[in-house]
Amino acid sequence: MTVSPPPERAATAPAGTRRLVRTLYASAFCDEFVLLYPVYALLFSDTGLSVWQTASLFALWSLTGVLLEVPSGAWADAVSRRLLLVVGPLLTAAGFALWVLVPSYGAFALGFLLWGAGGALGSGALEALVYDELERAGAADHYARVMGRARAIGIAATMSAMGLAGPVFAWGGYDAVGAASVLACLTAAAVATRFPEHRTPSDGGERWSATLRAGLADARADRSVRGALLLVPAVTAVWGALDEYTPLLASDTGVAPETVPWLLLVIWTGATAGSLLAGAAQRLSSNGFAALLTGSALALAVGGLAGTPAALVLVALAFGGFQLATVLADARLQQRIDDTGRATLTSVAGLGTELGNLATYGAYAAAATAWGHRTAFALSAVPYVLTALLLAGALRAATGAARARRRSRRSPS
């Protein structure tokens, strides 16, 4: 991977890059500072929805993301990426407003459709815009560090929203929490207008479909692109779904319910630290990346099986390693694809992650039902060990092939 530049280069980054980074960090905070996150399930329950109705809403949300992920990425390559980053939060704001103004199953369903569509518009478009702008300024090797910090800020915003949701809800109920969430989305849309975008999109009614076909053709033709594309969901999908179950794992350690949020804070502190290490860790070789996945998987398995509050520190280390690997896998993908299909292929990777999440939900439910949450967390480490073995094997095969080519060139005819 590309070696990071010395610190003095970052200090003299072009003004356009500084504006990009400031806007990215502000956008990451606003996107995740949503006070509805910790309480919207309660809103559904208080409205009278059954468990199956709530589950159907989550399924509708996931399905929306799956169906729109790749087309929205192709659209981002065909039109202004900044435009999609502005429109996405506006759709989400409309969905949240529906939830609190006319709480009902139909309104919740429409809100999830809008939220899913808004998320899909930003997925792929953000990474493509940031990488292209950094590359234009000669700072593409800053991508992992910048995106790592942005994701850390997003996690901090989520934790801040969780902390504030209780007092705001006690003061003004769902109306106050909903209004704050809508305001956060509107602020995110306003912040997104500040993103610099020097790329000129091509016009043409069929352009987005042509972009989609070209991007997929590039992935089929280039083995390195295909490998980087598959690595993103392989690294991201499992732990991205596990975070929904961390409260259950924490509760399974026997602590009082009021202690669970503090244990979750420990876990997400680990994920935040992993994001912040991305700049330094982008020098990792493929063997180093495989070792990172293996170590994180072992920490997840041991921490999950131990069943004690102290052992959740190991889960925090695992989440930190997986978050770091997620940022690095995204950076590797961006380095291997070109500008014209960047958002398209990033969205294809996002689709793989969405499908992986759905598979993980099903596998986790089966394992937890049969053996409990601790064993389910431990078994979730297996895909990461397999991915690490595949990476190490691919590296050995590539090294052996290179040596064979050198020997054949040296041998006489």
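Residues numbered from 1 in each chain as written. Predicted model: local features only at pLDDT ≥ 70, side-chain atom pairs only at ≥ 80, totals over all residues. Heavy atoms only, no water.

Helix and strand counts for the protein chain come out as 18 helices and zero strands. When the 413 residues of the protein chain are sorted by exposure, 49% land in the buried category. With the model as given, the accessible surface of the protein chain reaches about 18,400 Å², and the carbon-plus-sulfur share is 66%. (Helix = DSSP H or I, 4+ residues; strand = E, 2+ residues; numbered from the N terminus. Buried < 20%, exposed > 50% of the residue type's maximum accessible area, 1.4 Å probe, protein only. Areas by Shrake-Rupley, 256 points an atom, 1.4 Å probe, with all protein chains shown as cover.)

Right, let's get into the side chain of Gln323. Turning to its location among the elements, Gln323 is positioned in helix α15 (residues 312-336). Of the residues examined, Gln323 reaches a relative accessible area of 6% and is grouped as buried. Every residue in contact with Gln323, bar those within four places of it in the chain, is listed here: Arg151, Ile155, Trp239, Ala271, Gly274 and Ser275. (Contact = heavy atoms within 4.5 Å.)

Taken together, the side chains of Trp371, Leu379, Val382, Val385, Leu386 and Leu389 make up a nonpolar region of the molecular surface, amounting to roughly 580 Å² of accessible area. Residue contributions to the nonpolar patch peak at four residues, all from helix α18 (residues 382-410). Note that Leu389 resides in helix α18. When its relative accessible area of 54% is taken as the criterion, Leu389 is described as exposed. (Patch = residues over 30% accessible without salt bridge, like charges linked within 9 Å, V, L, I, M, F, W, Y side chains within 5 Å. Salt bridge = Lys/Arg side-chain N within 4 Å of Asp/Glu carboxyl O.)

Residue position: Val348 is located in helix α16 (residues 342-371). By relative accessible area, Val348 is classed as buried at 19%. When the C-alpha atoms of Val348 and Val66 are compared, they prove to be 9.9 Å apart, with 282 residues separating the residues in sequence.

Glancing now at the confidence of the model for the protein chain. The predicted coordinates ought not to be read in detail in places where the model reports low pLDDT. On average, the protein chain scores 85 in pLDDT, and the residues at 70 or more come to 85%. Per-element averaging of pLDDT across the protein chain places helix α1 (residues 7-11) at the bottom with 41 and helix α5 (residues 81-101) at the top with 96. Within the model, the stretch residues 1-13 combines pLDDT values under 50 with 22 contacts to residues more than four positions away or in other chains. (pLDDT = per-residue confidence, 0-100.)

Attention now moves to the nonpolar core. In this structure, Leu24, Val130, Phe195, Phe289, Leu293, Leu300 and Phe319 are the most contacted members of the largest nonpolar core, which totals 85 residues. Counting residues per element, this core draws most heavily on α15, which supplies 12 residues. Those residues within four positions of Leu293 in sequence are excluded, and the remaining contacts are Val235, Phe322, Ala325, Tyr384, Thr387, Ala388 and Leu391. Of all hydrophobic cores here, the second largest spans 22 residues; its members include Val34, Val39, Ala109 and Phe112. (Core = buried A, V, L, I, M, F, W, Y, C linked by side-chain atoms within 4.5 Å.)

Applying the stated rule across the entire model yields 28 aromatic pairs. Centre to centre, the rings of Tyr40 and Trp99 are 5.7 Å apart; their planes meet at 55 degrees, and the pair counts as tilted. Here the residue Tyr40 occupies a position in helix α3 (residues 40-47), and Trp99 occupies one in helix α5, the gap between them amounting to 59 residues. The two residues Tyr40 and Trp99 agree in class, both being buried. Measuring from centroid to centroid gives 6.0 Å for Phe58 and Phe112, while their planes differ by 75 degrees, and the two rings are edge-to-face. Of this pair, Phe58 sits in helix α4 (residues 51-78) while Phe112 is found in helix α6 (residues 105-122), placing the two residues 54 residues apart along the sequence. By relative accessible area, Phe58 is classed as partly exposed at 31%. Judged by relative accessible area, Phe112 falls into the buried class, the value being 0%. Linked through ring pairs, Tyr37, Tyr40, Phe44, Phe58, Trp61, Phe96, Trp99, Phe108, Phe112 and Trp115 together constitute an aromatic cluster. (Phe/Tyr/Trp six-rings, centres within 6.5 Å; stacked < 30°, edge-to-face > 60°.)

The next subject is helix α10 (residues 223-242). Between its terminal C-alpha atoms α10 stretches 30 Å, which fits the 28 Å expected from 20 residues at 1.5 Å a residue. The largest bend along α10 reaches roughly 30 degrees and is located at Thr236. (Expected span 1.5 Å × (residues − 1). Bend = angle between axes of the 7 residues up to and from the residue.)

Here α16 spans 42 Å end to end across 30 residues, near enough to the 44 Å set by a 1.5 Å rise per residue. Taken from the residues just after α16, Gly372 is the one with a positive phi, measuring 100 degrees.

Moving on: the packing of α5 against helix α8 (residues 143-192). Two elements in contact, α5 and α8, have axes separated by 8 Å at closest approach and are oriented at 170 degrees. The orientation of α5 relative to α8 falls into the category roughly antiparallel. For the pair formed by α5 and α8, the contact residues are Arg82, Leu85, Val86, Pro89, Leu90, Thr92, Ala93, Phe96, Ala97 and Val100 on the first element and Tyr174, Asp175, Gly178, Ser181, Val182, Cys185, Leu186, Ala188, Ala189 and Ala192 on the second. Among the residues forming the contact of α5 with α8, the class breakdown is 15 nonpolar, three polar and two charged. (Axes fitted to C-alpha atoms, helices over the stretch in contact; angles between N-to-C directions. Parallel < 35°, antiparallel > 145°, perpendicular 65-115°, else oblique. Nonpolar A, V, L, I, M, F, W, Y, C, P; charged D, E, K, R; others polar.)

Here we come to the state of the cysteines. Scanning the model with the defined rule gives zero disulfides in all. Left without a disulfide partner, Cys30 is nearest to the cysteine sulfur of Cys185, which lies 9.4 Å away. Accessibility expressed as a relative area gives 14% for Cys30, which makes it buried. For Cys185, a relative accessible area of 5% gives the class buried. (Disulfide = S-S within 2.5 Å.)

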